[in-house]
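# Observations on chain architecture
Read off the chains here:
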Number of protein chains: 2
Amino acid sequence: MTEEIKIPQKHPRTESLRIRERLIKNFKSGVVASAGLIAHGRGEAFDYILGEKTTQPALKAIEAAAAILLTAEHPVISVNGNAAALASKDIVELSKITKAKIEVNLFYRSSEREIAIKRVLEEVGATKVLGVGEAASARISEVGSERRRVDSKGILIADVVLVPLEDGDRTEALVRMGKKVIAIDLNPLSRTAQFATITIVDNIVRAIPIFIEIIDKLKTKDKKKLEHIASTFDNKRTLGEVIDLIHRRLSELAEKGVYLPILEVEEL
Amino acid sequence: MTEEIKIPQKHPRTESLRIRERLIKNFKSGVVASAGLIAHGRGEAFDYILGEKTTQPALKAIEAAAAILLTAEHPVISVNGNAAALASKDIVELSKITKAKIEVNLFYRSSEREIAIKRVLEEVGATKVLGVGEAASARISEVGSERRRVDSKGILIADVVLVPLEDGDRTEALVRMGKKVIAIDLNPLSRTAQFATITIVDNIVRAIPIFIEIIDKLKTKDKKKLEHIASTFDNKRTLGEVIDLIHRRLSELAEKGVYLPILEVEEL
C-alpha cells in the first residue's frame, strides 16, 4: 500500500527558515511557549539528520495510524502551541475527515495560551475546540500538576489520541489508560516515541498532509482491511528502521567528509 | 597529555533543565535572541546524542586549542547572547588567564542586546568588553550586512579567535582572513565545525571549565612544546572520530531498543 504514496517533491529545507519564522511569530502572539522554541530546535536537529524528508518507515507508520484513526470510536487530536503554530490548517482538515475532536492540551497551561491556540484553530475552520478553560477539568492519573488536565468530553473518553509533539509522561499515562496513542515526534529515541502505540518520526508540517492523503485513500476500505493494516504494524521495528536510517546517513556523511550546510548555529 | 585530564564526574543531564532555565531567564532580560532559543534546542539534541559528556576527541581539541591560545599574540574571545547566558563567568576567567580580549559579536545586532551582554560580562568581572556600539565599526569582508561588524581593536587584528557558538559564514570569513579559529559547537556536521581551525564538539558549559584547567597545566610549557601540540592536531580526523562516536552510540541504542529518556519534547 505504501508504495502508492507519493512524497511531495518540494524541498522542505528551503522551508525550514519559513517554518522557524512562523514559530517565532506565534511565540510573539502567545501561542508558543519559550520552551516550545527550544523544543523546535531539537526537532530541527533531528529533521536535518533525517534529511528533512518523510522516510519509508514514517509512511508505514502514517498508514497504520490512518487505519486506527478510521476505526476509532472516539478519536481526539491533541494540540499544543507548536502544533497550532505549524499545522493548524492541516489539523482542522484531518479532524474533519476523521471526525476526530480537537483538544488543546498544554504542558504549561495558561488561559491566555489556551485561548490564543483556540483562536488560531478557529481562524482556519475549527468549529469546536475542547480543553479550554473549565472544560479541561478532568484529570489523568500519574501525571504531575497541571499537565494532567484533560477534557472530560475529549481525551478522557477517547480510544485513540493523536499527539503531535507530546511529552513522555503524558504519552505513557495515556497508554496505561488503555488508549491507542499516535505520536508525531522527530526524535525516534524519545520516551514519547517509545511509549506510543504508533510513532510517526517526521515533521508535522510534512506528515499531516500525507496523513490526510492516506486517510482519503483508506476511507473506502472495509473495517477488516483497516484492522489488518493496524495489527500488522510493529512500532518497535519501525523505530529501529528509523534509527538505522540515521545511522547510515551519518556513516555516509562521515565517510564523504561532507557537512550538512543547514546545521549551523546561525542567527545567534 | 589528554590522558591526565579528568572529566568532572557530575552528570550533566541533571543540569540540562537548569541550563535551559538560565537561557530562558536571559532571553527575558534581552541577552538571548528568540532564534538563540531554537539554536539551543539544536545543540541539546546533539548533546543528548553525544551522551552529554565531554568526549575524548573534544578533550584533544581543547588541548590543541589551549596550545594555540597560549602562543597567540592577539587572542580574542567572541561572545554572543547564548555564550554570555551560559558561560559568562568561565569566559571572563578564560580571558584573564590567557590575556584574550572579549568582544561582543552578534548575528542580530541591537544596541540593547550589546549592552545587555556587556553588563552580564561585567557583572562577573570583565573589565573591558569590545564590540559594543561605535567600537564595532570595522568590517570583515564576505559576510552580509550587520553580521560583518567587528571591533578594530579586537577581532579585526586578532590572530586567534575563540568563537563559542558561531555561524558558518563568519567562521569561514575569519579563516579566510588568515585567523586561527577555535569553534565550540555541538554539531560536528555544521559548517562552523568544518571551517574552523580547531573544533571543540562539546557543550560550552562543560568545555570552558576544562579549557581553563588545561590552560593551567600547559601555561608553564615552552613555546616549542605548545607549537608541537597545535601542529600535530588534525581537525578533520578529530571530527571524524566524533561522528564515529555518535554512530556507535546510535548503533548500540538501536540494537538494545533502549530510548534516551532525555530526548522527549517535554514542556511544550
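To be clear, the structure that these remarks concern was listed above.
A few points on the structure. (Residues numbered from 1 in each chain as written. Chains lettered and ligands numbered in written order. Predicted model: local features only at pLDDT ≥ 70, side-chain atom pairs only at ≥ 80, totals over all residues. Heavy atoms only, no water.)

Per the secondary structure count, chain A includes 10 helices and 8 strands. In chain A, the share of contacts with a sequence separation of at least 24, taken over all contacts with a separation of at least 6, comes to 69%. Roughly 10900 Å² of accessible area belongs to chain A as shown, and the carbon and sulfur atoms make up 51% of that amount. (Helix = DSSP H or I, 4+ residues; strand = E, 2+ residues; numbered from the N terminus. Contact = heavy atoms within 4.5 Å. Areas by Shrake-Rupley, 256 points an atom, 1.4 Å probe, with all protein chains shown as cover.)

Now for the sheet that holds strand E3 (residues 129-130) of chain B. Residues and elements named next belong to chain B. If you trace the 6 strands from one edge of the open sheet to the other, you get E3-E2-E1-E6-E7-E8, paired in parallel fashion. Sheet topology places E3 and strand E8 (198-200) at the edges, where each strand pairs with a single neighbour. Pairing between strand E1 (residues 75-79) and strand E2 (residues 101-104): 4 bridges, direction parallel. The partner of Ile-77 across the bridge, within E2, is Ile-102. The strands that helix H3 (residues 56-70) touches are E1, strand E6 (160-164), strand E7 (180-184) and E8; relative to E8, the one it contacts most, it runs at about 130°. (Pairing = 2+ DSSP bridges. Axes fitted to C-alpha atoms, helices over the stretch in contact; angles between N-to-C directions.)

The next thing to look at is a nonpolar patch on the surface. All names here are of chain A. On the surface, a cluster of nonpolar side chains totalling about 210 Å² of accessible area is made up of Leu-156, Ile-157 and Met-177. Checked against the element boundaries, Leu-156 lands in the loop between strand E5 (149-150) and strand E6 (160-164). With a relative accessible area of 30%, Leu-156 lands in the partly exposed category. (Patch = residues over 30% accessible without salt bridge, like charges linked within 9 Å, V, L, I, M, F, W, Y side chains within 5 Å. Salt bridge = Lys/Arg side-chain N within 4 Å of Asp/Glu carboxyl O. Buried < 20%, exposed > 50% of the residue type's maximum accessible area, 1.4 Å probe, protein only.)

For the rest of this paragraph, the subject is the pattern of salt bridges. Taken as a whole and assessed by the stated rule, the structure comprises 22 salt bridges over all chains. Its salt-bridge partner being B:Arg206, residue B:Asp47 comes within 2.7 Å of it at the nearest N-O pair. Pair noted here: B:Asp47 is in helix H2 (residues 34-50) and B:Arg206 is in helix H8 (residues 204-218), with a separation of 159 residues, a long-range link. Members of the salt-bridge network, linked through shared partners, are A:Arg20, A:Glu44 and B:Arg42.

Residue and element names in this part refer to chain B. Two elements in contact, H3 and H8, have axes whose closest approach is 9 Å; the angle formed by their N-to-C orientations is 55°. One finds that H3 runs oblique with respect to H8. Two packed elements cross with a definite hand, and for H3 against H8 that hand is right-handed. Across from Leu-59, Ile-62, Glu-63, Ala-65, Ala-66, Ala-67, Leu-69 and Leu-70 in H3, the residues of H8 making contact are Ala-207, Ile-210, Phe-211, Ile-214, Ile-215 and Leu-218. Classifying every residue of the contact of H3 with H8 gives 13 nonpolar, no polar and 1 charged. (Parallel < 35°, antiparallel > 145°, perpendicular 65-115°, else oblique. Left-handed = near helix turned anticlockwise from the far one by under 90°. Nonpolar A, V, L, I, M, F, W, Y, C, P; charged D, E, K, R; others polar.)

That is the geometry; function is a separate question.
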